[in-house]
Amino acid sequence: MKMTFKELFLFSPHEKKAKRITFEKGINVITSNQEDGTDRGKSVVMRSLYHALGAESLFEAKWDTKSKIYVLHFSIDDKEYYIYRSTDLYKFFDEEKNLLFVSTHSHELAEQLKKYTGFAVMLPGRNSEKLEITPPVYNYLPFFLDQDHYDGSKYASFRNLQQYVNYKDSVLFYHLGIYDEAYFELVRTKEALTDQYNGHKSRLDMLHAMQSDIEARIGAGAYSSDIDALRKDVELYRKEYADVLSKLNKCKAKLVELRNNLYEYETLLHEMSSLSSKNEKEISQLNEHICPECGSVLRETTSLRSKRYNLAEDIVIVKNELQVAIQNATGEIEKEEAKYQKILEQLAAYEEKLKLNTKQANDVIRYKGLCEIREGIVSERHDVLEFIDEEEEKLKELAKEIKKYSEKKKRIEEKYYELLVTYRTKFGLNEIEPEKFKKLTNNFTASGSNRNIATVIWYLAILNLRREFNPCAIEFPVVFDSPNNVETDNVKKHALLQYILDNASNMQLILSSIGFSASEFSGAGNINVITLENAKYSLLDEDEYLENEQLLNELCDAEK
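Residues numbered from 1 in each chain as written. Predicted model: local features only at pLDDT ≥ 70, side-chain atom pairs only at ≥ 80, totals over all residues. Heavy atoms only, no water.

## Some thoughts on a negative patch on the surface
Step number 1: Negative charge collects at one region of the surface, where Asp383, Glu386, Asp389, Glu390 and Glu392 lie side by side.
Step number 2: As for its placement among the helices and strands, Glu390 is situated in helix H9 (residues 367–427).
Step number 3: Glu390 sits in the partly exposed class, given a relative accessible area of 45%. (Patch = residues over 30% accessible without salt bridge, like charges linked within 9 Å, V, L, I, M, F, W, Y side chains within 5 Å. Areas by Shrake-Rupley, 256 points an atom, 1.4 Å probe, with all protein chains shown as cover. Salt bridge = Lys/Arg side-chain N within 4 Å of Asp/Glu carboxyl O. Lys, Arg positive; Asp, Glu negative; His and termini not counted. Charge placed at Lys NZ, Arg CZ, Asp CG, Glu CD. Helix = DSSP H or I, 4+ residues; strand = E, 2+ residues; numbered from the N terminus. Buried < 20%, exposed > 50% of the residue type's maximum accessible area, 1.4 Å probe, protein only.)

## Description of the sheet that holds strand E11 (residues 478–481)
Step number 1: Here five strands make up an open sheet; going across it, the order is E10-E11-E12-E3-E13 and the pairing parallel. In the strand order of this sheet, the two ends are held by strand E10 (144–145) and strand E13 (527–531), each with one partner.
Step number 2: In the packing of helix H1 (residues 42–52) onto the sheet, contacts are made with strand E3 (27–31), E10, E11 and strand E12 (509–512), and the angle to E11 comes to roughly 150°. (Pairing = 2+ DSSP bridges. Contact = heavy atoms within 4.5 Å. Axes fitted to C-alpha atoms, helices over the stretch in contact; angles between N-to-C directions.)

## Things to note about the packing of aromatic side chains
Step number 1: This model, assessed by the stated rule, comprises 31 aromatic pairs.
Step number 2: Where Phe437 meets Phe444, the ring centres are 5.2 Å apart and the plane angle is 75°; that geometry is what we call edge-to-face.
Step number 3: Overall, Phe437 belongs to the buried group, its relative accessible area being 2%.
Step number 4: A ring pair is formed by Trp458 and Tyr459, whose centres lie 5.5 Å apart and whose planes are at 80°; its orientation type is edge-to-face.
Step number 5: Here Trp458 falls in the buried class, since its relative accessible area comes to 0%.
Step number 6: A relative accessible area of 1% means that Tyr459 is categorised as buried.
Step number 7: An aromatic cluster of at least three residues, connected via ring pairs, comprises Phe5, Tyr50, Tyr140, Phe143, Phe144, Phe158 and Phe476. (Phe/Tyr/Trp six-rings, centres within 6.5 Å; stacked < 30°, edge-to-face > 60°.)

## Observations concerning the pairing of strand E1 (residues 3–12)
Step number 1: Across the 10 residues of E1, nine count as buried, placing the element largely inside the fold.
Step number 2: Looking at chain direction, E1 and strand E4 (residues 69–76) are connected through eight bridges and run antiparallel. Looking across to E4, one finds that Met3 is bridged to Ile76.
Step number 3: By the bridge criterion, six bridges tie E1 to strand E2 (residues 17–22) in an arrangement that is antiparallel. Counterpart to Leu8 in the pairing with E2 is Ile21.
Step number 4: Following E1, the chain reverses through four residues before pairing antiparallel with E2; Lys16 in that reversal takes a positive phi of roughly 55°.

Any link to function would need more than the numbers given here.
Structure (structure tokens):
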């Protein structure tokens, strides 16, 4: 399975400016003039690609990402899709621009994207050992390099990566197939079995304590105190029942409030769509030089046009905000409904407990009853011991299966060492000790002009290992922003780019490089060279906004 980028659209509705970049299947190079080609927007384009897919790219302050809308047109094998991103609002479309899903949360986005890519990195949560699908940024880490973050064998090209402990090693293991769905199924099974095992151990300890206590009570004949204790339990259940009932009423009130809010948001969104249609109609009438407000004939319509266009821009922004509010309100309602159901179950449980009465309490405490309880405890202890023996055997089998992944890791590390020692010799990176290549978890970097080279060879080694040891995983486009953007001699710069191009077979590669000329490189096949000729800090322009405004409005207005 392979993802291929086809088109990137960048919109600034406030400025009414946009940019469209088209990519080919093979090698793509975004470049600008060698003499004065800096600050033309190459890095903005590179960072926007995976940002559109849910990553948090490291844009410079001059690029106000919150005011921009990103649209990425891409394919997965032979099927095409569009993804629309405005701040935290994501919309996913098929090639006919039919809306497939909407999301406002990164975890939810990752779960939805997995249905189409067949891939999602899974890691233990920070506050729990339970495994969870991570935000989509972790899917893209081996495939993107930011020009300001060539830091050797580290992943640092996106924001918000520290939400998982030791994320780098775990993500690396997942991409290389050391961790996979089968591995995590084993881990989940082991976790569940371990919880069950620990529960049975705790139950066994409790049963032992209960048996000892009952035997002591039978010997002492201390019946009256037990009656009082049981009566107190009944009173305690009544108080707890009242507390649960109070929580249920509060939950019900909150559900009513949330549903009212959702209705208001949906009504406002409908009104904004009507206002948008009315505004577009009034804009078209301005061509007739007749004022839509008073009906008089106008000679100059510039002021009114400006007013109507500004209103259209505000409508797009408000509609996006309303769609986020609707998505969030829907999620809150689902959570509150689940909470309501849980409280109902608690209420039912307390109602059962309250069926106890004083006469039943007295019967339980009687000597014969205690003996029956003791016999039941002895029988249950026997059953629990059998469960524990079975679970211990199952845990041993699971440990053997999990060990097989360690053996696969060993094979990968042997190949990893071989690749990096070869690269070290090729580029003369003698400052890096080969010992650093023995373990996948070892970090290394280089100094000065060798830093970018060390980073690139590590990324390419990981991609080669991923292709060899995890061939069924989807391959994302490789996006390297300015790999030769360092103070080094031209020979090394050329050698590094040539090496990247030589290793780009069967993948979509997108590079940025100032002053790039395809004729200087051999054996790379057809290269799609995209030259940015705009003024500095002026990547977007008004003409491209007009050319692509229909797409923006179509995706913005789409609803499930």
